[in-house]
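# Chains, contacts and geometry: an overview
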Amino acid sequence: MHPRKRQRKNASAMKLVGKLVGLFRITADLTQAQLADRASVQVETIASIEQGRRALLPDLARRLDQLLSTKGALETAVDNMPEIDLIPAWAEQYMDLEREALALSWFENQVLPGLLQTESYARAVFRSKVPVIGRDEIEAQVLARTDRQSILHRAVPPTISFIVSEAILRDRLGGDEVHADTLRHLRTCASLPGITLQVMPLGRQTHAALAGPFILLETPDYQHLGYTETQRGSQLVADPDEVSILAQKYAMLRTQALNIEDTGCLLDRLLGEL
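Note that the structure is predicted; figures quoted are calculated from it, not measured.

Here we take up the nonpolar core. If you look at the biggest cluster of nonpolar residues, it comprises 32 residues, and the most contacted ones within it are Y94, L104, F162 and L169. Here the element with the most residues in this core is helix α10 (residues 176-189); it accounts for four residues. With sequence-adjacent residues up to four places away left out, Y94 is seen in contact with L104, W106, R148, I215, L217 and Y227. Counting 20 residues, the second-largest nonpolar core is a separate cluster that includes A13, I46, I49 and L68.

Okay, the pattern of salt bridges next. In this structure the tally under the stated criterion is ten salt bridges. Residue D59 pairs with R62 through a salt bridge whose shortest N-O separation is 2.4 Å. Here D59 and its partner R62 are both found in helix α4 (residues 58-68), three residues apart, which amounts to about one turn of the helix. Note that E98 is salt-bridged to R148, the shortest N-O span being 2.8 Å. Note that E98 is positioned in helix α6 (residues 89-100) and R148 in the loop between α8 (135-147) and β2 (159-165), a separation of 50 residues in sequence. The same class applies to E98 and to R148, which are both buried.

As a further point, take the packing of aromatic side chains. This structure, assessed with the given rule, holds four aromatic pairs. Seen in terms of ring centroids, F214 and Y250 are 6.1 Å apart; in terms of plane orientation they differ by 80°. Their pairing is edge-to-face. One end of the pair, F214, is in strand β4 (residues 214-218); the other, Y250, is in helix α11 (residues 240-256), with 36 residues separating them in the sequence. For the pair F214 and Y250, a shared accessibility class is recorded, and that class is buried. These aromatic residues form a ring-pair network of at least three members: F107, F214 and Y250.

What follows concerns unusual backbone geometry. A negative phi angle is the norm for most residues apart from glycine, just as the trans form is the norm for most peptide bonds. Going from V130 to P131, the amide bond is cis rather than trans, its omega being 0°. You can see P131 is positioned in the loop between α7 (119-127) and α8. The phi dihedral of S40 is positive, around 60°, even though this residue is not glycine. Along the polypeptide, S40 turns up in the loop between α2 (32-39) and α3 (43-50). Look at S40 and you get exposed, because its relative accessible area is 66%. Backbone geometry at K71 places phi at a positive 55°, although glycine is not the residue there.

Bringing the packing of α10 against helix α12 (residues 260-272) into the picture now. Running from amino to carboxyl end, α10 crosses α12 at an angle of 150°, the nearest separation of the two axes being 10 Å. The angle between the axes of α10 and α12 places the two elements in the roughly antiparallel class. Every pair of crossing elements has a handedness; the one defined by α10 and α12 is left-handed. Contacts between α10 and α12 pair A180, L183, R184, L186 and R187 from the former with G264, L267, D268, L270 and L271 from the latter. Split by residue class, the contact of α10 with α12 holds six nonpolar, one polar and three charged.

Further remarks concern the environment of V243. Among the structural elements, V243 can be located in helix α11. What makes V243 buried here is its relative accessible area of 7%. As a C-alpha pair, V243 and P213 span 30 residues in sequence and 14 Å in three-dimensional space. Setting aside anything within four residues of it in sequence, one finds V243 in contact with L216, H224, L225, G226, V237 and A238.

Analysis parameters
- Residues numbered from 1 in each chain as written.
- Predicted model: local features only at pLDDT ≥ 70, side-chain atom pairs only at ≥ 80, totals over all residues.
- Heavy atoms only, no water.
- Core = buried A, V, L, I, M, F, W, Y, C linked by side-chain atoms within 4.5 Å.
- Buried < 20%, exposed > 50% of the residue type's maximum accessible area, 1.4 Å probe, protein only.
- Helix = DSSP H or I, 4+ residues; strand = E, 2+ residues; numbered from the N terminus.
- Contact = heavy atoms within 4.5 Å.
- Salt bridge = Lys/Arg side-chain N within 4 Å of Asp/Glu carboxyl O.
- Phe/Tyr/Trp six-rings, centres within 6.5 Å; stacked < 30°, edge-to-face > 60°.
- Axes fitted to C-alpha atoms, helices over the stretch in contact; angles between N-to-C directions.
- Parallel < 35°, antiparallel > 145°, perpendicular 65-115°, else oblique.
- Left-handed = near helix turned anticlockwise from the far one by under 90°.
- Nonpolar A, V, L, I, M, F, W, Y, C, P; charged D, E, K, R; others polar.

Don't take any of this as a statement about function, it's just geometry.
This is the structure we're talking about:
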């Protein structure tokens, strides 16, 4: 199937399932807030599913079937949906957790965190993919990535700490114009409520995360999790001992990185060199 057709079909399937959720909810005489409360999810989760902007995952489909007395209709619909290629299955669980997180701690050494990417930077990231992907799929991926950034502007935003390698800031992914726009965007993001941005400088003699990037996350029920990605997959880390190791690494990274003020000065210096 052509990528453009496949993406359209997937979007339609998500919208159809969302319409079913909305129909069953209204038939049960429940508001979105009431259903969210009974399903133990955020009201934004139900709203996004009903609008077709978010996939209904199997576990939640089963819970909704029970709550709405729909005899497995939603689970059956989800099981028979076309595979969604926009977000790999191995990343989808993390995306759900990210949307509702109370706190995030994020270290990157190769590319900017998705939550900090401008549209043009994200487009440059997806254009760099090997094998090459088509223009329509690139635009769909860019939209999905920038959509995630709405959590930065929630009424009560999460507390987020970012540590990024200086090499990322000096790379010119997408060209000079994209680079300049990205630096200005980072300067703006650094002033958002709840966000701290630190740069890991080049030339260090010690480094607490040579094994690569990772994310720490705190859920609305105060569970602490870790997340790591590889070239062809990812791992959600739930074991407390393993999460503790990642937390220790992150604590050390914060002492090794430039502090918030020095990071701001570095960004200003790089902007002044443009």
